[in-house]
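# Structural overview for review
The lines below spell out each chain.
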Amino acid sequence: MSGRRPYGADTGGSPRPGSSQPRARRARQVADVLRQQITGGAFDSGTLPDERALGAQFHASRNAVREALGILRDEGLVARRRGVGTTVLMPKYGHGLDRLAGLAETLTGYGPLTNEVRAAHRVAEPPAAVAERLGLASGAGAVYIERVRRMGRLPLSLDATYLAADIGVPLLDLDLAGRDLFALIEETTGGRLGRAEVAVHAVTAGPDVAGLLDVPVGAAVFAIDRLTHLADGRPVDAESLHIRADRLTLHATLHRGAPHPG
């Protein structure tokens with residue numbers, strides 16, 4: 001066996017000076033770690049260390065560090081100004097995927113979350129795919145609610161929701177501008193929600209979504225499809241969410257269980 005150490009063995013996987021790794025790859029590795037630190041709130045002062053200090057921390061050349069900071073600048077996470085340094089533009093908010101919770105409940109402590117109610121009305125004939133997801137009988141109707149959700153003046157998500165009529169109609173007279181739908185559903189039904197199936201897609205914002213979320217057309221956003229059930233298993237809430245990927249981080253704590261059959 002040779003005494004040669006594998007790449008990154010003494011640096012925790014960080015790029016090393018003189019490494020044969022292309023500079024672009026080293027820059028990406030540095031950017032990945034810095035992004036994790038930024039989204040985790042590591043820079044309380046709002047300012048990152050200078051390029052020389054970051055190079056020493058990551059065992060990377062100054063050019064690689066400069067490229068890494070350029071990646072984060074292009075993602076909208078940091079700003080770079082001569083004489084000031086590299087500053088965090090705005091921390092991302094964390095939204096867990098391992099617990100069924102509304103956005104206001106998840107972001108408690110970050111500041112007031114408000115909702116611009118763009119639509120809230122009964123729908124005689126919801127789309128067939130929605131009726132199927134909710135298990136609605138023909139002619140049963142539904143309720144459609146659409147809201148832009150903001151932290152202060154910053155738009156975070158566009159939520160489009162179809163609800164079974166008996167669940168949604170009582171909500172139309174309630175505080176849709178200030179409350180999470182999950183909390184309102186539990187109050188009006190007198191029971192707890194049970195579970196939800198969630199699918200997350202990476203998409204680009206079209207003109208309508210981009211305008212509502214105040215992002216450029218073509219910007220990356222999370223598209224989330226969520227079907228929420230009551231505790232007895234009945235599906236009652238079918239949602240399509242568009243979330244700003246530059247302002248929300250989706251995270252979960254996962255536990256490894258028995259291998260799935262097959």
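Calculation rules
- Residues numbered from 1 in each chain as written.
- Predicted model: local features only at pLDDT ≥ 70, side-chain atom pairs only at ≥ 80, totals over all residues.
- Heavy atoms only, no water.
- Pairing = 2+ DSSP bridges.
- Helix = DSSP H or I, 4+ residues; strand = E, 2+ residues; numbered from the N terminus.
- Axes fitted to C-alpha atoms, helices over the stretch in contact; angles between N-to-C directions.
- Buried < 20%, exposed > 50% of the residue type's maximum accessible area, 1.4 Å probe, protein only.
- pLDDT = per-residue confidence, 0-100.
- Contact = heavy atoms within 4.5 Å.
- Salt bridge = Lys/Arg side-chain N within 4 Å of Asp/Glu carboxyl O.

## Topic: the sheet that holds strand S8 (residues 220–230)
As a general point, the strands of a sheet are linked pairwise by backbone hydrogen bonds and lie either parallel or antiparallel. The sheet built from six strands is open, its strands ordered S4-S5-S6-S9-S8-S7 with antiparallel pairing. The outermost strands of the open sheet, each flanked by one partner alone, are strand S4 (113–123) and strand S7 (193–204). Ignoring which end each strand starts from, the neighbouring axes of this sheet average 15° apart. By the bridge criterion, ten bridges tie S4 to strand S5 (residues 142–151) in an arrangement that is antiparallel. Bridging across to S5, Thr114 finds its partner in Arg150.

## What about the pairing of strand S6 (residues 154–164)?
Buried residues dominate S6, accounting for eleven of its eleven residues. Across ten bridges, S5 lies against S6 in antiparallel orientation. Each bridged residue has a counterpart across the sheet, and for Arg149 the counterpart in S6 is Ser157.

## A few points about the confidence of the model for the protein
Of all residues in the protein, 78% have pLDDT values of 70 or greater, and the mean over the chain is 80. By mean pLDDT, helix H4 (residues 103–106) is the weakest element of the protein at 48, and helix H6 (residues 165–168) is the strongest at 96. Taken as a whole, residues 1–20 scores under 50 in pLDDT and shows 26 contacts with residues more than four places along the chain or in a different chain. Here residues 96–101 is modelled with pLDDT under 50, and outside its nearest four sequence neighbours on either side it reaches 20 contacts, counting other chains as well.

## Digging into the pattern of salt bridges
Tallied over the entire structure, the rule returns 15 salt bridges. Among the ionic pairs, Glu116 bridges to Arg118, the shortest N-O distance being 3.7 Å. Of the charged contacts in the structure, one is a salt bridge between Glu197 and Arg195, with a shortest N-O distance of 3.2 Å. Assessed through its relative accessible area of 36%, Glu197 is described here as partly exposed. Residues joined by salt bridges that share partners form a network here, namely Glu51, Arg62, Arg66 and Arg80.

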